[in-house]
Amino acid sequence: MLSSLWEQPEKVQAEIFSALPDSFRQLGQSEHSRNQKRGRPLDSFLEGPLVRNGILYLTDIPYGRIFALDLSTRVWTLVVQYDGEPNGLAWHEGRQKILIADFKCGILELDLNDRKVTTLMDRFNGERLKGPNDLVVARDGTIIFTDQGMSGLQDPSGRVYRIGTDCRVDVLLRNCPSPNGLVLDVSQTSLFVAMTRDNSIWLAPLYPDGSVQRTGRFSSYFGVGGPDGMATDIEGNIFVAHSTLGTVFVHRKDGTLRTRILTGHLGQGTTNLTWGGDDGRLLYIVESESGSVLTVTWHCAGVC
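Below is a short write-up of the structure.

Rules used throughout
- Residues numbered from 1 in each chain as written.
- Predicted model: local features only at pLDDT ≥ 70, side-chain atom pairs only at ≥ 80, totals over all residues.
- Heavy atoms only, no water.
- Pairing = 2+ DSSP bridges.
- Helix = DSSP H or I, 4+ residues; strand = E, 2+ residues; numbered from the N terminus.
- Axes fitted to C-alpha atoms, helices over the stretch in contact; angles between N-to-C directions.
- Polar contact = N/O pair within 3.5 Å; in protein donor to acceptor, adjacent residues only side chain to side chain.
- Contact = heavy atoms within 4.5 Å.
- 1 Å grid on protein atoms, 1.4 Å probe; cavity = no way out; pocket = protein on both sides within 12 Å on 5 of 7 lines; lining within 4 Å.
- Points joined across faces, edges and corners; volume = space filled by probe spheres on them.
- Nonpolar A, V, L, I, M, F, W, Y, C, P; charged D, E, K, R; others polar.
- Buried < 20%, exposed > 50% of the residue type's maximum accessible area, 1.4 Å probe, protein only.

Read across the sheet, 4 strands follow the order E7-E8-E9-E10 without closing on themselves; strand pairing throughout is antiparallel. Looking along the sheet, the strands with just one partner apiece sit at the ends: strand E7 (86-92) and strand E10 (116-121). Across the sheet, the mean angle separating the axes of adjacent strands is 30° when strand polarity is ignored. Relative to E10, strand E9 (residues 106-111) runs antiparallel, the two being bridged by 5 bridges. Note on E10: the bridge partner recorded for Glu109 is Thr118.

What follows is the structure, given as structure tokens:
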């Protein structure tokens, strides 16, 4: 394995699958574009991919929209639009609802039957959340989410929270410089968190008593942005979408880089990714700069 430190990673070109139709694009400004994109007008900013029953759900942060992309027909429909800034999505089997990490509103739930959005959590000990970014649901129904806000190296005040099945809320990580995407390893005993403004991935071991100890830096990157959404596969490889390099970095379990999945032919804003396909080997990648979804067929199945 030592030789892998010096091996050149393979390069894989992602292929375009679909793009947001012009009818849903509305160039303008919003709170999101003014505060997080330095005032740059946006016609959309897609995020939070989630595959469920042949549908790819996607969020549109600046305009508070959630879309459904039919993976068979490639037809886009608007599921719901509300006054928020939805980012990460996750399916909660016990609640039978989609969970939404919303920067403006907190942790929300979407019932697909009536398309109603309700609040699950927007405060911790009476204090408003800074601005949730992404979330995952463990096999036991535990919810883990990042509370990013406008934190960064100048203000490392972001946090990572856990909502237990008994509704108890714990702070897993403090002093985080822009916590963003996150993923559990296959055994669900380690948590990987993208610290965007640190341009790195942190690795937090989860102890049997529920605590987090000896958190370290798993991988580091470069550029004006940083790592965003994450995923893993059954081999334990960690997939990291980088928000300004037009690349998904794929790391082995030991952190060494094995593959670079390239999306730069459409844009540099690779923001998130998820698994789908009949055999679970199809990786869906969101390229937010162009408002597109790309795909790569991987050699083994992903972990959803």
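More follows now that the structure is in view.
This part is about the side chain of Arg162. Mapping Arg162 onto the fold places it in strand E15 (residues 158-163). There is a polar contact of 2.6 Å between the side chain of Arg162 and the backbone oxygen of Gly210. Here Arg162 is in contact with Thr142, Ile143, Ile144, Arg168, Val169, Asp170, Leu172 and Gly210, once residues within four sequence places are set aside.

Below, the discussion takes up the sheet that holds strand E1 (residues 10-13). With mixed pairing, 6 strands are arranged side by side in an open sheet as E1-E24-E23-E22-E21-E28. Every interior strand has two partners, whereas the edge strands, E1 and strand E28 (302-303), have only one. Two strands pair when backbone bridges link them, and strand E23 (residues 247-251) and strand E24 (residues 257-262) are joined in this way by 5 bridges, in the antiparallel orientation. Note on E24: the bridge partner recorded for Val248 is Ile261.

As a further point, take the layout of surface pockets. One number sums up the size of the second largest pocket: a volume of about 780 Å³. What lines the second largest pocket is a set of 32 residues, among which Ala90, Val136, Val137, Val303 and Cys304 lie closest to the centre. Secondary-structure elements contributing two or more residues to the lining of the second largest pocket are strand E3 (46-52), E7, strand E13 (132-137), strand E17 (179-184), strand E21 (227-233) and strand E25 (270-276). In terms of residues, the lining of the second largest pocket owes the most to one element, E3, which gives 5 residues. Grouping the constituent residues of the lining of the second largest pocket by class yields 20 nonpolar, 7 polar and 5 charged.

Across the 6 residues of strand E18 (residues 190-195), 6 count as buried, placing the element largely inside the fold. Side chains of E18 alternate between two faces, with Ser190, Phe192 and Ala194 and Leu191, Val193 and Met195 buried alike. Bridge count for E17 against E18 is 4 bridges, and the pairing is antiparallel. Directly across from Leu184, in E18, lies its bridge partner Leu191. Here E17 folds back onto E18, and the loop between the two strands holds 5 residues, one of which, Gln188, carries a positive phi near 60°. Judged from the 6 bridges that link them, E18 and strand E19 (residues 200-205) form a sheet pairing that is antiparallel. Note that in E19 the partner of Leu191 across the bridge is Ala204. Counting the residues that bridge the hairpin from E18 to E19 gives 4 residues, and of these Asn199 lies at a positive phi of roughly 55°.

So yeah, pure geometry; function would need other evidence.
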